[in-house]
Amino acid sequence: MHHKLAASRWGFHWLVVTLDMRKGLMALAFHLKTKIWQTGALEWWGFIDNEDVYLGRREFPLPPEEGDEWQVRETGEVFRIVDGEIHRLGQRPVEESLW
């Protein structure tokens, strides 16, 4: 396991980087209790309620912080970070974007 200090305009964050050999993906933890990772297709996934859950692409907040809420455009699912964990809030109709 490697630990790296990453600087961004939002400050410094410790990133825990691991290689998941079962999936061949890298998992990134931004002070979250929920295990998350990004695929080579730039899709974000998380391990929620013992299953792999699609968290979106561009709509996923970076860096993810307490209280962030987002809706996945492809599925309509809504998520929020509460007490360092990503929670599903349900589904809402997806508004069509003009672009």
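In short, a report on the structure. (Residues numbered from 1 in each chain as written. Predicted model: local features only at pLDDT ≥ 70, side-chain atom pairs only at ≥ 80, totals over all residues. Heavy atoms only, no water.)

## A word on the side chain of E77
Item 1. Here E77 shows up in strand β8 (residues 77-82).
Item 2. Note on E77: relative accessible area 16%, which makes it buried. (Helix = DSSP H or I, 4+ residues; strand = E, 2+ residues; numbered from the N terminus. Buried < 20%, exposed > 50% of the residue type's maximum accessible area, 1.4 Å probe, protein only.)

## Quick notes on the sheet that holds strand β7 (residues 69-71)
Item 1. Taking strand neighbours across the sheet as the criterion, the 3 strands line up as β7-β8-β9 in an open arrangement whose pairing is antiparallel. Single-partner strands in this sheet number two, and they are β7 and β9 (85-91). Pairwise comparison of adjacent strand axes, ignoring direction, gives a mean angle of 25 degrees for this sheet.
Item 2. When β7 meets β8, the two strands line up antiparallel, connected through 3 bridges. If you follow E69 over to β8, its bridge partner there is R80. (Pairing = 2+ DSSP bridges. Axes fitted to C-alpha atoms, helices over the stretch in contact; angles between N-to-C directions.)

## Side note on the environment of P61
Item 1. Its location among the elements puts P61 in the loop between β6 (51-56) and β7.
Item 2. On the accessibility criterion, P61 (15% relative accessible area) is buried.
Item 3. With near-sequence residues (within four places) excluded, P61 lies in contact with D68 and W70. (Contact = heavy atoms within 4.5 Å.)

## A closer look at the pattern of salt bridges
Item 1. Per the counting criterion, the structure on display carries 7 salt bridges.
Item 2. Here R57 ties to E74 by a salt bridge, and the two come within 3.9 Å at their closest N and O atoms. One end of the pair, R57, is in the loop between β6 and β7; the other, E74, is in the loop between β7 and β8, with 17 residues separating them in the sequence.
Item 3. On the basis of relative accessible area, R57 is assigned to the partly exposed category, the value being 39%.
Item 4. By relative accessible area, E74 is classed as partly exposed at 47%. (Salt bridge = Lys/Arg side-chain N within 4 Å of Asp/Glu carboxyl O.)

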